[in-house]
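Listed here are the chains, written in short residue letters.
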Amino acid sequence: MWTRIATRRFEVKNKRLHHRAILLLLLLLVLSFAIGLRITRLNGSYLATEDCYGYPQKPIEWNGLKIELIGAEIVDGEAFLQEYNIDRESIFSDSLSEKYALFHISVTKVSDSPLLTYYRFDYCGAEKDGWRNLVSPELFESLNPLAKKPSQLSVGETEELAMAIGLHKDAFRNTEWSNLSTSDISLVMSVYPQKVILQSS
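Keep in mind it's a predicted model, so treat the numbers as computed, not measured. (Residues numbered from 1 in each chain as written. Predicted model: local features only at pLDDT ≥ 70, side-chain atom pairs only at ≥ 80, totals over all residues. Heavy atoms only, no water.)

A. Structural detail: the side chain of Asn144. Mapped onto the elements of the fold, Asn144 is located in the loop between helix H3 (137-143) and strand E7 (158-167). In this structure the side chain of Asn144 is engaged in a polar contact, spanning 2.7 Å, whose partner is the backbone oxygen of Ala162. Look past the residues within four positions of Asn144 in its chain and what remains in contact with it is Glu160, Leu161 and Ala162. (Helix = DSSP H or I, 4+ residues; strand = E, 2+ residues; numbered from the N terminus. Polar contact = N/O pair within 3.5 Å; in protein donor to acceptor, adjacent residues only side chain to side chain. Contact = heavy atoms within 4.5 Å.)

Below, the structure is given as structure tokens:
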């Protein structure tokens, strides 16, 4: 008799736990759906990026700047540091790069834009098939010691800049590394709302 009563109590307790577990699961499901809906709506409120491409002899106008890719090359790391007289110890980032993607660009300010107030050229980067790396600020300053911020340029003033992006062998497949060329790598000047991309071909 006691076992029957104990079994009955256990079954009732088990049913209550089972009902609570189902209610908790339903509550979590509804909460997950509500959060997912909110994230979807929030992401939908942002505009999709618009890709803008520039090439040699085909400059791009963006936020009051006319930007043209003059040339690009892949250079050996040691040769690059020696040619431009850069001390490896003075570079915080990209000091161990085996190669560098070196881009030469021409920038002309064609009009004033409030969007240039906080834009800097050393915020740029390069990318290739999902790989990305930023311009090293130390390298940018070493290559362009007299460079002005875009907001400091006068309308009509042109500046030629060199952008070096470190390339690390471990970031590429062996076949990619041995055949790496500037046609594979793009210089990205901005990512949102317009993605401004300079390509050598």
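Further notes follow.
B. Region of the structure containing the pattern of salt bridges. Counting across every chain of the model gives seven salt bridges. With a closest N to O distance of 3.0 Å, Arg132 and Glu127 form a salt bridge. Taking the relative accessible area as the measure of exposure, Arg132 reaches 56% and is therefore exposed. Where salt bridges share partners, they join Lys128, Asp129, Arg173 and Glu176 into one cluster. (Salt bridge = Lys/Arg side-chain N within 4 Å of Asp/Glu carboxyl O. Buried < 20%, exposed > 50% of the residue type's maximum accessible area, 1.4 Å probe, protein only.)

C. Summary view of the pairing of strand E4 (residues 99-109). The buried fraction of E4 amounts to nine of the eleven residues, a majority that puts the element mostly inside the structure. Across eleven bridges, strand E3 (residues 65-76) lies against E4 in antiparallel orientation. Bridged to Ile74 within E4 is Ala101. Of the strand pairs in this sheet, E4 and E7 are connected by ten bridges, and their pairing is antiparallel. Within the sheet, the bridge partner assigned to Phe103 lies in E7 and is Met163. (Pairing = 2+ DSSP bridges.)

D. Quick peek at the side chain of Ser97. In this structure, Ser97 sits in the loop between helix H2 (77-83) and E4. Classification of Ser97 as buried rests on a relative accessible area of 3%. Within the local environment of Ser97, its side chain forms a polar contact with the side chain of His168, the two groups lying 3.4 Å apart.

E. Molecular detail of the packing of aromatic side chains. Within this structure, the stated rule accounts for five aromatic pairs. Here Tyr53 and Tyr55 contribute two aromatic rings whose centre-to-centre distance is 6.4 Å and whose plane-to-plane angle is 15 degrees, an arrangement assigned as stacked. With a relative accessible area of 27%, Tyr55 lands in the partly exposed category. Among the aromatic residues, ring-to-ring pairing joins Phe80, Tyr84 and Tyr100 into one connected group. In this structure, Lys99 is placed above the aromatic ring of Trp177, and the distance from its NZ or CZ to the ring centre is 4.5 Å. (Phe/Tyr/Trp six-rings, centres within 6.5 Å; stacked < 30°, edge-to-face > 60°. Lys NZ or Arg CZ within 6 Å of the ring centre and 35° of its normal.)

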